[in-house]
Amino acid sequence: MALAVLEDVHFTYAYAESPALNGITLTLERGLLHGIVGLNSSGKTTLCGLLRGIVPNFHNGDLTGRTTILDRDLADWDSGELATTIGCVFDNPFTQISGIRDTVFEEIAFGLENLGVPREEIIDRVIGVVEQLGIAALADKNPNELSGGQRQKVAFASIIAMDSDVVVIDEPTSQLDPEASEAVFGIIAGLKERGKSIVLVEHKVDLLAEYADTMTVLHEGRVALTGGTREVLSDPRLRSFGVAPPEVTELAERLAQAGRPLSRIPVTRAEAVELIDERMREERAHGH
Ligand SMILES: Nc1ncnc2c1ncn2[C@@H]1O[C@H](COP(=O)(O)OP(=O)(O)OP(=O)(O)O)[C@@H](O)[C@H]1O
Ligand SMILES: [Mg+2]
């Protein structure tokens, strides 16, 4: 059973002149981390909205084509059930927090209360998750007094506590510094290890290269490229859709232009280190 199957999906927001999704055909398998990239306005957030059922239930517009989520047609999902099946984290850590709870502990408990989880179990789960994410010291703090990175961790704590099988994450690090971004990616890697299916919109291609199993490039509401992360990131057409390859991939291109090609194209740092080592050993052996 796939996480999502989209067949020729078009969506145009009410009163918009052009479609936000313009013929998307895409299959996202379960248990994988799917990276979504693309220029501004290419349809990434709209695609996330479709997966969590707020397009077209909350955002009015014209939806055509076929969307199947976990083997069930989107139209056959109850919106409340879909909301508890699919956990979401968004770009702005300042709108993540409900604003109606006085402590981080209560904030994380909020989603579980909505699910009707018994009080004892809520307490156990919240304690477990704050320890797991290293934010136990924040539990008694007011959520409104947290930094962006701390708020983003609380948002992840909430969905981990809810134990959703599917997590849709839209640019979670766009407002965070590099250190907080790495921490968020560490949390996402942990979700992946626990077998969650993850859809992650993220501009930081270097981080996606390390963690994503597949990548999809959207361009003007269409799927420009999709496939395994390595395959997509080393595709020569990538730049033409406004997406820069990882730094190490660019470095390898420059080495090749300088007549010192690596034996294959690296997309992760570890790979680049290994391939550059190999290249240097060869050059030494040939007396360069
Ligand atoms: N609520 C809305 N009402 C009308 N049009 C919208 C709405 N949200 C998005 N759009 C339009 O739909 C298109 C796709 O937008 P979307 O937000 O999905 O792109 P995106 O790839 O997430 O962009 P960004 O990188 O800026 O987040 C854009 O042309 C945008 O202006
Ligand atoms: Mg967006």
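Residues numbered from 1 in each chain as written. Chains lettered and ligands numbered in written order. Predicted model: local features only at pLDDT ≥ 70, side-chain atom pairs only at ≥ 80, totals over all residues. Heavy atoms only, no water.

Here we take up the overall build of the protein. Across its full length, the protein holds twelve helices and ten strands. With respect to the principal axes defined by its C-alpha atoms, the protein has extents near 70 × 45 × 30 Å. Within the span of the protein, comprising 288 residues, buried residues form 47% of the whole. Taking as baseline every contact in the protein between residues at least 6 positions apart, the subset at least 24 positions apart corresponds to 61%. Surface exposure of the protein reaches about 14000 Å², of which carbon and sulfur atoms provide 48%. Between the mean site of the 26 positive side-chain charges and the mean site of the 45 negative ones, the protein shows a separation of 5 Å. (Helix = DSSP H or I, 4+ residues; strand = E, 2+ residues; numbered from the N terminus. Buried < 20%, exposed > 50% of the residue type's maximum accessible area, 1.4 Å probe, protein only. Contact = heavy atoms within 4.5 Å. Areas by Shrake-Rupley, 256 points an atom, 1.4 Å probe, with all protein chains shown as cover. Lys, Arg positive; Asp, Glu negative; His and termini not counted. Charge placed at Lys NZ, Arg CZ, Asp CG, Glu CD.)

Think of two packed helices as two axes; the pair is described by the angle between the axes and how far apart they sit. In the contact formed by helix H5 (residues 104-114) and helix H7 (residues 148-162), the axes pass within 8 Å of each other and the chain directions differ by 40°. Looking at the two axes, H5 sits oblique to H7. Here H5 runs over H7; the crossing is right-handed. In contact with Val104, Glu107, Ile108, Gly111 and Leu112 of H5, H7 contributes Val154, Ala157, Ser158, Ala161 and Met162. Each residue belonging to the contact of H5 with H7 can be placed in one class, and the counts come to seven nonpolar, two polar and one charged. (Axes fitted to C-alpha atoms, helices over the stretch in contact; angles between N-to-C directions. Parallel < 35°, antiparallel > 145°, perpendicular 65-115°, else oblique. Left-handed = near helix turned anticlockwise from the far one by under 90°. Nonpolar A, V, L, I, M, F, W, Y, C, P; charged D, E, K, R; others polar.)

With that out of the way, let us pick up the site of ligand 1. As a matter of local geometry, ligand 1 sits amid Tyr13, Ala20, Leu39, Asn40, Ser41, Ser42, Gly43, Lys44, Thr45, Thr46, His59 and Glu171. With respect to ligand 1, the side chain of Lys44 contributes an N or O atom lying 2.7 Å from an oxygen atom. For ligand 1, the accessible surface in isolation is 630 Å², of which the surrounding protein chains cover 62%. Considered class by class, the residues forming the shell around ligand 1 number three nonpolar, seven polar and two charged. (Near = heavy atom within 4 Å. Polar contact = N/O pair within 3.5 Å; in protein donor to acceptor, adjacent residues only side chain to side chain.)

Where burial is concerned, the two faces of strand E6 (residues 86-89) agree: the one with Ile86 and Cys88 and the one with Gly87 and Val89 are both buried. Pairing geometry for E6 and strand E7 (residues 166-170), over four bridges, is parallel. Paired with Ile86 across the strands is Val166, a residue of E7. (Pairing = 2+ DSSP bridges.)

Turning to a negative patch on the surface, a few remarks are in order. Taken together, Glu182, Asp206, Glu210 and Glu247 make up a surface patch of like negative charges. For Glu210, a relative accessible area of 38% puts it in the partly exposed group. (Patch = residues over 30% accessible without salt bridge, like charges linked within 9 Å, V, L, I, M, F, W, Y side chains within 5 Å. Salt bridge = Lys/Arg side-chain N within 4 Å of Asp/Glu carboxyl O.)

Fair warning: the whole summary comes from geometry, so function is off the table for now.
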